[in-house]
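For reference, the chains in residue letters:
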Amino acid sequence: MTDRDTIAAIATAAGAGGVGIVRLSGPRARAIGEAVTARALRPRHAHHARFLDAAGEAIDDGIALYFAAPASYTGEDVVELQGHGGTAVLQVLLARCRELGARLARPGEFSERAFLEGRLDLAQAEAVADLVAAGDARAARAARRALDGEFSQRVEAIAAELLAIRVHVEAAIDFADEPLDTLGGAALRARLAATGDALDALLARAEHGRRLRDGLHAVIVGPPNAGKSSLLNALAGSDRAIVTDIAGTTRDLLHEVVRIDGVELSLVDTAGLRDGGDAIEREGMRRAHAELQRADLAIIVLDARDPAGGRTAVADAIAGVPQRVWVHNKADLLAAGEPASPAGNDGAPDATPGASDEPPLRLSALSGVGLDALHARLKALAAGDDIGEGTGAFTARSRHVDTLRQAAVELAAARAQLSHESLDLAAEALRAAHDALGEITGRVRADDLLGHIFSSFCVGK
Ligand SMILES: Nc1nc2c(ncn2[C@@H]2O[C@H](COP(=O)(O)OP(=O)(O)OP(=O)(O)O)[C@@H](O)[C@H]2O)c(=O)[nH]1
Ligand SMILES: [Mg+2]
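Residues numbered from 1 in each chain as written. Chains lettered and ligands numbered in written order. Predicted model: local features only at pLDDT ≥ 70, side-chain atom pairs only at ≥ 80, totals over all residues. Heavy atoms only, no water.

A.B. asks: Provide a residue-level description of the packing of aromatic side chains, including the pertinent values.
C.D. replies: Tallied over the full model, the rule gives 3 aromatic pairs. Seen from their ring centres, Phe115 and Phe454 are 6.4 Å apart, and the 35° between their planes marks the pair as tilted. Highlighted residues: Phe115 in helix H3 (residues 109-116) and Phe454 in helix H14 (residues 449-454), separated in sequence by 339 residues. Relative accessible area serves as the criterion here: at 7%, Phe115 is assigned to the buried category. On the basis of an interplanar angle of 45° and a centroid distance of 5.2 Å, the ring pair of Phe454 and Phe457 is categorised as tilted. Exposure class is identical for Phe454 and Phe457. Each is buried. Directly above the aromatic system of Tyr73 lies the positively charged group of Lys461, at a separation of 4.6 Å from the ring centroid. (Phe/Tyr/Trp six-rings, centres within 6.5 Å; stacked < 30°, edge-to-face > 60°. Helix = DSSP H or I, 4+ residues; strand = E, 2+ residues; numbered from the N terminus. Buried < 20%, exposed > 50% of the residue type's maximum accessible area, 1.4 Å probe, protein only. Lys NZ or Arg CZ within 6 Å of the ring centre and 35° of its normal.)

Encoded structure:
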């Protein structure tokens, strides 16, 4: 890539630090590094040097490293100047590199070049950003696995299988007079079914990976006055939400990120759901419904003294939410030993949604009694006990989940077409599924995808 320019950026975080790094990549990286240090740079050798300005005055002194293409992060010539980690000194050093012909790198441009040079595929490059941004050790481990290619390899394995199936189907089209079964149709269908299963399994793991990356998105819902805002405050450990005894206090959505033993959870408090209310309250309820559409988890808060009463108000709203935790709040108001509601009505929620949910947790947001059990349940859900650490969880993004889903839809279509002997349509659906998988690793590139992905990176990465 001789027409590429040379980019430079401060690679370390802003602010004072022990060490600060200016990183260069591109055809002139070595020449610029040698001009700054006034010495020849050997590949993979630590040179102690003074970093000089145009007048030959020392800006700083430190270590210069040179990685010759293609054995570098970007696959191009890379130079790292490691000096003292002060904002001003690094800015001066960076300015000197620009004087010598380097251009300021855009966010993510080093990783973008690594992708373009074939050092990383797209999912791996995204994992670099996810590793940098990981908020807890689990997310960091999972991003590391994605960066190591665990996710990409699985995607590519399914893509390779699809390619083989496509070849078979395309070949069969040329023998359109023959029924497919004389051309190995049964084996082909079985192979397609197995690939579909593998894709579904990968989709489930990618879903899990997306939760690891983004944290579980939990929405607190329930009838007015049940104590939703009180529960948000109790989980957040601070008075974030306004709490009053007036039904209809909360009108807007309130977002709060909480950590439970290092596991991240994004919580949203919502307006109580009921019939009627004024215009503002109705808008609040509309927002609550909309937020539930993208929730991983609904935390349904009911008054322990009358849980059945509130349940119907929320039944429709939570129907599409994948997971639910039922909370019977205000347990402190129950007389000692009193069942939470008339006998027989306090077991697992009876409404159709959630028939398989765990039994409700009885607690008091006010006193904190019973919160431990809720913490434990939320932590288990956020950590995704369904897929244990041992099986090698990896991070994934919504983009990956959506694309895998799209591939699964196309694959299902291909299976249906194949059973109707519509080989042309089956081939078309298979191609679409194959292309969708290619978008994950970047083998197939949508035009604006790269810019969109890399612009969210840090500068210098
Ligand atoms: N005794 C008792 N009172 C509680 C408990 N939780 C909340 N409350 C009280 O119940 C009232 C309503 O609490 P909120 O947290 O505002 O209820 P909400 O569900 O957010 O209500 P809306 O925003 O109006 O939908 C307040 O007076 C709280 O102090 C609890 O566990 N025990
Ligand atoms: Mg409220």
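A.B. asks: An account of H3 is requested, with residue identities and associated values reported.
C.D. replies: Most of H3 is tucked away, with 7 of its 8 residues classed as buried. All of the buried residues in H3 are Glu109, Phe110, Ser111, Glu112, Arg113, Ala114 and Phe115. For H3, the secondary structure elements touched by its buried residues are strand S1 (7-10), strand S2 (17-25), strand S6 (103-104), helix H4 (122-133), helix H13 (423-441) and H14. Just downstream of H3 lies Gly118, where phi reads positive at about 80°. (Contact = heavy atoms within 4.5 Å.)

A.B. asks: Which residues make up the pairing of strand S8 (residues 254-260), and what values go with them?
C.D. replies: Relative to strand S9 (residues 263-269), S8 is paired through 7 bridges, and the arrangement is antiparallel. Directly across from Val257, in S9, lies its bridge partner Ser266. The turn joining S8 and S9, which pair antiparallel and follow one another in sequence, is formed by 2 residues; a positive phi near 50° is taken by Asp261. (Pairing = 2+ DSSP bridges.)

A.B. asks: I'd love a proper account of the UniProt feature "binding site: (6S)-5-formyl-5,6,7,8-tetrahydrofolate" (unreviewed entry) in the protein, names of residues and values included.
C.D. replies: The UniProt entry lists Arg23, Glu80, Arg119 and Lys461 under the feature "binding site: (6S)-5-formyl-5,6,7,8-tetrahydrofolate" (unreviewed entry), expressed in the numbering used here. Checked against the element boundaries, Arg23 lands in strand S2. Among the residues examined, Arg23 registers a relative accessible area of 10% and is labelled buried. Aside from chain neighbours lying at most four places away, what touches Arg23 is Ile7, Ala8, Ala9, Ala11, Tyr73, Val78, Val79, Glu80, Phe110, Gly460 and Lys461. Mapped onto the secondary structure, Lys461 falls in the segment after H14. (UniProt positions renumbered as here; feature names shortened; annotations may be inferred.)

A.B. asks: Which residues make up the site of ligand 1, and what are the values?
C.D. replies: Neighbouring residues of ligand 1: 23 residues in total, closest Lys228, Ser230, Gly248, Thr249 and Asp332. Within the side chain of Lys228, one N or O atom sits 2.6 Å away from an oxygen atom of ligand 1. Measuring from a nitrogen atom of ligand 1, one finds a side-chain N or O atom of Asp332 at 2.7 Å. For the shell around ligand 1, the per-class residue count stands at 8 nonpolar, 11 polar and 4 charged. (Near = heavy atom within 4 Å. Polar contact = N/O pair within 3.5 Å; in protein donor to acceptor, adjacent residues only side chain to side chain. Nonpolar A, V, L, I, M, F, W, Y, C, P; charged D, E, K, R; others polar.)

A.B. asks: Go over the sheet that holds S8, please, and point to the residues and values.
C.D. replies: Strand order in the open sheet formed by 6 strands is S8-S9-S7-S10-S11-S12, with mixed pairing between adjacent strands. Looking along the sheet, the strands with just one partner apiece sit at the ends: S8 and strand S12 (361-362). Strands strand S7 (216-221), S8, S9 and strand S10 (297-303) of the sheet are contacted by helix H9 (residues 279-293), whose axis makes an angle of about 150° with S7. (Axes fitted to C-alpha atoms, helices over the stretch in contact; angles between N-to-C directions.)

A.B. asks: How would you sum up the nonpolar core? Please name residues and give values.
C.D. replies: Within the largest apolar cluster, 49 residues are counted, with the highest numbers of intra-cluster contacts made by Phe151, Leu192, Leu199, Leu404, Leu418, Leu430 and Leu437. Put simply, the parts of the chain that give this core at least two residues each are H3, H4, helix H5 (137-147), helix H6 (150-173), helix H7 (185-214), helix H12 (398-419), H13 and H14. For this core, the element with the most residues is H13, which contributes 9 residues. Each residue touching Leu418, except ones within four places of it in the same chain, is listed here: Val169, Leu180, Leu188, Arg189, Leu192, Leu423 and Ala426. Formed by 26 residues, the second largest nonpolar core is a distinct cluster that contains Leu216, Leu297, Leu361 and Ala365. (Core = buried A, V, L, I, M, F, W, Y, C linked by side-chain atoms within 4.5 Å.)

A.B. asks: Run through the coordination of the magnesium ion (ligand 2), naming residues and quoting values.
C.D. replies: Here the magnesium ion (ligand 2) is held by Ser229 (OG) and Thr250 (OG1), and the distances to it run 2.0 Å. One end of the pair, Ser229, is in helix H8 (residues 228-236); the other, Thr250, is in the loop between H8 and S8, with 21 residues separating them in the sequence. Residue class for Ser229 comes out buried when judged on its relative accessible area of 7%. (Donors = N, O, S within 2.8 Å, 3.2 Å for Na, K, Ca; no water.)

A.B. asks: Which residues make up the environment of Ile318, and what values go with them?
C.D. replies: Position of Ile318 relative to the elements: it lies in the loop between helix H10 (307-315) and strand S11 (323-329). Here the alpha-carbon distance between Ile318 and Glu109, two residues 209 residues apart in the chain, equals 42 Å. Setting aside anything within four residues of it in sequence, one finds Ile318 in contact with Val221, Ala298, Ile300, Arg324 and Trp326.

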